[in-house]
Amino acid sequence: MTATTTTAAPPLRLGSLEVATPVVLAPMAGITNAAFRRLCAEQGAGLYVCEMTTSRGLVERDETTLRMLFFDERETVRSVQLYGTDPVYVARATQILCEEYGVAHVDLNFGCPVPKVTRKGGGGALPWKRTLLGQILRGAVAAAEPYGVPVTMKTRKGLDDDHLTYLDAGRIAEESGCAAIALHGRTVAQAYSGAADWTAIGALVDHVSIPVLGNGDIWEAADAVRMVEQTGAAGVVVGRGCLGRPWLFRDLADAFAGAPSRALPTLGEVRAMMRRHAELLCHHLGEERGCKEFRKHVSWYLKGFAAGGELRRALALVERLDQLDALLAQLDDDEPFPVAELGTPRGRQGSPRSRVVLPEGWLDDTDGTRPDGGPVVREDAGEATGG
């Protein structure tokens with residue numbers, strides 16, 4: 001059973017947008033497409049963010065980027081995360097999202113730890129350049145303001161323990177008019193290894209007056225409640241904890257509403273969730289591609305269950321829904337949920353990095369702009385990754 005709060009938590013307010021349950025689905029590349037967002041939304045209230053898109057790719061109408069901006073017919077509150085390093089591109093992309101896609105929320109990614117992003121000064125590397133960060137945030141906020149759309153940002157503690165940026169980033173976000181800031185309690189060097197530092201989240205809460213959202217090591221609903229209680233955060237951002245467990249959003253909604261915990265799902269209930277996920281993927285992508293996309297989720301759904309290796313391999317090669325149905329029928333519907341899996345990490349973890357890959361001379365100053373006022377790094381249209 002999952003622990004809950006005794007009293008209901010207030011809704012999350014992001015400018016004019018109110019989120020009934022203070023929970024945000026973190027954008028994850030190749031995961032948080034329209035099908036997964038709808039699946040999670042069917043479980044509980046919250047804000048469900050589209051896969052991260054690049055600002056330059058959107059401005060230049062890159063086909064791959066535009067395909068990512070696909071929303072389910074029931075997705076009335078559209079939320080998108082943008083990646084960018086150039087204030088002009090980010091502002092224009094924000095305007096396009098508001099004007100042409102009817103988004104209700106724009107989040108800016110300054111937390112991605114992937115080397116191919118940080119070596120170009122993007123993601124978690126960019127907050128080191130305080131002047132450039134402020135330019136990007138002010139441009140996005142100004143572009144979204146005529147549409148009444150709140151802009152938020154997500155970041156990490158810093159590059160490493162010797163180069164922390166989160167308190168300055170919070171101050172700049174507040175001064176720039178951001179509606180909130182989300183903090184992943186790890187550095188870029190940590191990537192997804194080790195433990196998230198929730199004390200940093202609490203320090204940021206004390207440092208700014210805008211809402212702070214906490215991110216990192218939320219594996220169960222009780223973790224989210226504990227984070228909010230310990231840090232004073234206005235809400236939480238959930239990423240890897242929901243992989244193969246979309247019902248986590250049901251548990252989160254119950255916990256923040258002060259409702260009693262529900263029983264853990266049996267394998268039969270997990271099987272039904274797997275089938276629903278595949279169905280939604282096929283609805284949006286077509287049966288062939290939808291089934292291929294579903295394959296990556298099989299191991300997460302079955303983590304800890306006794307399903308045999310041969311069945312798992314067959315599920316990971318599924319090509320049609322009728323084939324999937326036949327394979328799922330072989331699962332033992334009465335098998336209880338593996339309680340040993342509760343509270344354990346899911347998805348990528350890896351090891352900390354000995355150094356963060358950065359552009360040459362990146363640490364020499366905290367400005368990030370050329371004498372003419374333009375950014376020192378070039379916007380890349382080809383990046384598409386989560387953070």
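These lines cover the structure that appears in this document, whether it is placed above or below. None of the values given here were measured: they were computed from a predicted structure.

## Some details on the overall build of the protein chain
Within the protein chain, the secondary structure is distributed over 15 helices and 11 strands. Based on the C-alpha atoms only, the size of the protein chain along its principal axes is roughly 65 × 45 × 45 Å. In the protein chain, the proportion of contacts linking residues at least 24 apart, taken out of those at least 6 apart, comes to 74%. As presented, the protein chain carries roughly 15100 Å² of accessible surface, and 50% of it is formed by carbon and sulfur atoms. Each charge class in the protein chain was averaged separately, 42 positive and 50 negative side chains, and the resulting centres sit 3 Å apart.

## Digging into the sheet that holds strand β8 (residues 151-156)
The strand order across the open sheet built from 9 strands is β4-β3-β11-β10-β9-β8-β7-β6-β5, with neighbouring strands paired in parallel fashion. Only two strands of the sheet have a single partner each, and these edge strands are β4 (47-48) and β5 (53-54). By the bridge criterion, 2 bridges tie strand β3 (residues 23-25) to β4 in an arrangement that is parallel. The partner of Val24 across the bridge, within β4, is Leu47. Against the sheet, helix α4 (residues 87-100) makes contact with β6 (79-83) and β7 (105-110), and its axis sits at roughly 165° relative to β6, the strand it touches most.

## A word on the packing of helix α11 (residues 267-285) against helix α15 (residues 321-328)
Between α11 and α15, the least distance of the axes is 11 Å, while the angle of their chain directions is 175°. Between α11 and α15, the crossing angle belongs to the class labelled roughly antiparallel. Together, Arg271, Met274, Arg275, Ala278, Glu279 and Cys282 of α11 and Leu321, Leu324, Asp325 and Leu328 of α15 make up the contact between the two elements. Here the residues of the contact of α11 with α15 sort into 6 nonpolar, no polar and 4 charged.

Conventions used here
Residues numbered from 1 in each chain as written. Predicted model: local features only at pLDDT ≥ 70, side-chain atom pairs only at ≥ 80, totals over all residues. Heavy atoms only, no water. Helix = DSSP H or I, 4+ residues; strand = E, 2+ residues; numbered from the N terminus. Contact = heavy atoms within 4.5 Å. Areas by Shrake-Rupley, 256 points an atom, 1.4 Å probe, with all protein chains shown as cover. Lys, Arg positive; Asp, Glu negative; His and termini not counted. Charge placed at Lys NZ, Arg CZ, Asp CG, Glu CD. Pairing = 2+ DSSP bridges. Axes fitted to C-alpha atoms, helices over the stretch in contact; angles between N-to-C directions. Parallel < 35°, antiparallel > 145°, perpendicular 65-115°, else oblique. Nonpolar A, V, L, I, M, F, W, Y, C, P; charged D, E, K, R; others polar.

From the geometry alone we can't say anything about function, so treat these as descriptive.
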